[in-house]
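# Residue-level structure breakdown
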Amino acid sequence: MMGRVTEVLRATGDARRAELAASLTALRDRIAAACAAAGRVSDEVTLIAITKTFPASDVRLLHELGVRDVGENRDQEAAPKAAQCSGLTGLTWHFVGQLQTRKCASVVSYASVVHSVDRPRLVRALAAHARGAGREITCLIQVSLDGDPARGGALPADIPGLAAAVAAEEGLLLGGVMAVAPLGVPPAEAFAVLPEVSAAVRAVRPEAGMVSAGMSGDLEAAIAAGATHVRVGTALLGGRPAVVR
Ligand SMILES: *Cc1c(COP(=O)(O)O)cnc(C)c1O
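Right, let's walk through the structure included here. What you see is a predicted model; the values in this text were computed from it and never measured. (Residues numbered from 1 in each chain as written. Predicted model: local features only at pLDDT ≥ 70, side-chain atom pairs only at ≥ 80, totals over all residues. Heavy atoms only, no water.)

### Focus: the side chain of T138
- You can see T138 is positioned in strand β5 (residues 137–142).
- Beyond its immediate chain neighbours, meaning those up to four positions away, T138 contacts S112, V113, V114, L173, G175 and M210. (Helix = DSSP H or I, 4+ residues; strand = E, 2+ residues; numbered from the N terminus. Contact = heavy atoms within 4.5 Å.)

Put into C-alpha cells, the structure is as follows:
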C-alpha cells in the first residue's frame, strides 16, 4: 500500500518537474532574447521565481532545476514555505509585496532582500528587526510609476530621501530600486523613468544598481529599460486562482 502511494507521488512529482523544466527553459530563452534585443548580455538579468500560491514542493523542484532566487508577496504564506525549504542550499528569499511594519520581524527571519521599501516607518522597522536578528537585509526602494502610492511605492520625488534613510541604517544595505508596471499604461512608457530613479539611488550608494522590474507580461519592456532582476510567477509556475493578487 505504502509502495503504491509513494509511486503515485513520485509520478506526480516527475510530471511537475518536467512541466517546470520546460517553462524554465522557455523563460530563460525569452530573457536571453530580450537581452539580445536590448544589446545586453543575459547574465546581467537574474530570474526571481515568484512562488505565491504554489507549494514548497515546487520551490524544491525549481531549486533542483537550478533556480536560486524565489519571491513571495505575503508573509502569512511565505514564512511557513521558507521554513519548509530551509534545507535547500544557496536559496535566497525575496519579499516583493506590500509590507506592514508588524510583519517585519517575521520577514527578516527568512528574506534576504525586501523589494517593497516605500516609507520611512518601514525603513526603521526593518532596520530594528534586522539588527535584532543579527541579519543584513538588502532593501530596494519601490517607486510608484502611476503616482498612486495606495498601490505601494514611493513618489519619485521621495526616492532620494528614502535611499538616504536606508543607507544610514545599520542592518540594512541599499540595493537599488523596484517597480510594478501600472495597469492601463504601456509598460515601456511606465518603465522609462527607471534609469533616472536608479541613478538617484546610485547617487546615494554607487553599488546600489539592482533594478527589479518585469513580470510575466512585461519582462521584455523591463529588460529594455535596464531591469537586472525580473520577478516571474505565471510564465514559470502556471496560472493562479483569480482571487489571489
Ligand atoms: C505576483 C507578483 C509577480 C509575478 O507576477 P506574474 O505576472 O505572475 O509573473 C511579480 N511581482 C510582484 C510584486 C508580484 O506580486
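More follows now that the structure is in view.
### What to know about the pairing of strand β4 (residues 111–117)
- Most of β4 sits inside the fold, with six of its seven residues counted as buried.
- Pairing geometry for strand β3 (residues 92–95) and β4, over three bridges, is parallel. Across the sheet, residue F95 finds its bridge partner in β4, namely V114.
- Looking at chain direction, β4 and β5 are connected through three bridges and run parallel. Bridging from a neighbouring strand, V114 pairs with C139 of β5.
- Note that the unit made of β4, helix α5 (residues 120–133) and β5 has a crossover that is right-handed. (Buried < 20%, exposed > 50% of the residue type's maximum accessible area, 1.4 Å probe, protein only. Pairing = 2+ DSSP bridges. Right-handed = clockwise from strand over helix to strand, strands pointing away.)

### Some thoughts on the state of the cysteines
- Scanning the entire structure with this criterion turns up zero disulfides.
- Distance from the sulfur of C104, which forms no disulfide, to the nearest cysteine sulfur (C139) is 9.2 Å. (Disulfide = S-S within 2.5 Å.)

### Remarks on the environment of E170
- Summarising the element assignment, E170 is placed in the loop between α6 (159–167) and β6 (172–178).
- On a C-alpha basis, the gap between E170 and A128 in space is 8.7 Å, while along the polypeptide they are 42 residues apart.

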